[in-house]
Amino acid sequence: MKYTYTILFAAVGFFLGRGMTGVVIGAIIGFALDNLNFNQRREATPESGGYVVPLFQLLGAIAKSDGRVSEVEIATAERIMTRMGLHNGLRQAAINAFNTGKQPEFDVTTPINALRQWAGLRRDHAFPLLDVVIETVLAEGSPSPEKMSILRQLAFALRISDMELMALMAMKGYVWHGAGARGHGYGTGYGNNGYVPPQRNAQGPDPYTVLGIARDADDRTIKRAYRKLISEHHPDRLGDLPEDMRKRAESRASEINAAYERIKAERGFK
């Protein structure tokens, strides 16, 4: 447990002129806050492996959402299982979950709620989940509106914005302009404006989209966006999650660094 508030409030008590009495009172208040913060973070720390069943239920539902599960989507699910190092019982549980998810009338809110509860408030755990789901959504290329609808439902539950989804898509070489005027409705129709699917970007990831900033952003905004992103996507924050998720975080961190270096080279700042 960290003692940031304990030290801070003890110092405040001292500088308020109450001597050791102020230090003790401040330290007690700070310790209570540190303990509360520690318990909240502990409750929000995901249980290793606890995401497997709801995740693969959701992948099955996504694969089936446009009417049929293709061989490419099955191969993608199997590849994800292998990369996650799922063996024996856990792999069979993932297979069963995928088959459950692709059943007619399966309610995707059940696994989405489970994944939201598993990730808690940890955005650094939400991004690896989304990365896996996006891989399935894009397995056949430009996805159907049904698949994007489920993806956006998950992102919304994990407190990830459309702008951040655009960045994740850009890292995978796709251009997606978000929901725009369509708002936050998640129906498959995407409102009255029609549906424009993500398209593969022949020129590679757009560095500004990767950083989630406009092309006319000033240098200070670019640096601030970079520092925020590299902090959120740093693999050292992932704890004891599977190696596959750590590698995904490393890949995203590399994309963020590459985007930042491209922008720096274009603009000529350090």
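Because the structure is a prediction, the values reported are computed rather than measured.

### Let's talk about the packing of aromatic side chains
Then step 1. All told, the structure shown has two aromatic pairs when counted by the stated rule.
Then step 2. Between the aromatic rings of Tyr226 and Tyr260, the centroid separation amounts to 3.9 Å while the plane-to-plane angle is 5°, which identifies the pairing as stacked. Within this pair, whereas Tyr226 is found in helix H10 (residues 219-232), its partner Tyr260 is found in helix H11 (residues 243-267), the two being separated by 34 residues in sequence.
Then step 3. A relative accessible area of 9% places Tyr260 in the buried class.

### Structural notes on the environment of Leu121
Then step 1. Mapping Leu121 onto the fold places it in the loop between helix H5 (109-119) and helix H6 (123-137).
Then step 2. The spacing of Leu121 and Leu158 is 37 residues in sequence and 7.9 Å in space, taken between C-alpha atoms.

### Things to note about unusual backbone geometry
Then step 1. One non-glycine residue, Glu105, lies in the positive phi region at around 65°.
Then step 2. Turning to its location among the elements, Glu105 is positioned in the loop between helix H4 (88-101) and H5.
Then step 3. Accessibility expressed as a relative area gives 79% for Glu105, which makes it exposed.
Then step 4. Positive phi is not limited to glycine here, since Arg159 has a value of about 65°.
Then step 5. Its place among the elements puts Arg159 in the loop between helix H7 (145-157) and helix H8 (162-171).

### Focus on H7
Then step 1. The end-to-end C-alpha distance of H7, which contains 13 residues, comes to 18 Å, matching closely the 18 Å that a straight helix rising 1.5 Å per residue would cover.
Then step 2. Among the 13 residues that make up H7, 10 are buried, leaving the element largely enclosed by the rest of the structure.
Then step 3. At its buried positions, H7 is contacted by helix H2 (52-64), helix H3 (71-83), H5, H6 and H8.
Then step 4. One or two steps after H7, the chain reaches Arg159, where phi turns positive at roughly 65°.

Reading guide: rules and limits
Residues numbered from 1 in each chain as written. Predicted model: local features only at pLDDT ≥ 70, side-chain atom pairs only at ≥ 80, totals over all residues. Heavy atoms only, no water. Phe/Tyr/Trp six-rings, centres within 6.5 Å; stacked < 30°, edge-to-face > 60°. Helix = DSSP H or I, 4+ residues; strand = E, 2+ residues; numbered from the N terminus. Buried < 20%, exposed > 50% of the residue type's maximum accessible area, 1.4 Å probe, protein only. Expected span 1.5 Å × (residues − 1). Contact = heavy atoms within 4.5 Å.

Bear in mind that shape data such as this cannot, by itself, settle questions of function.
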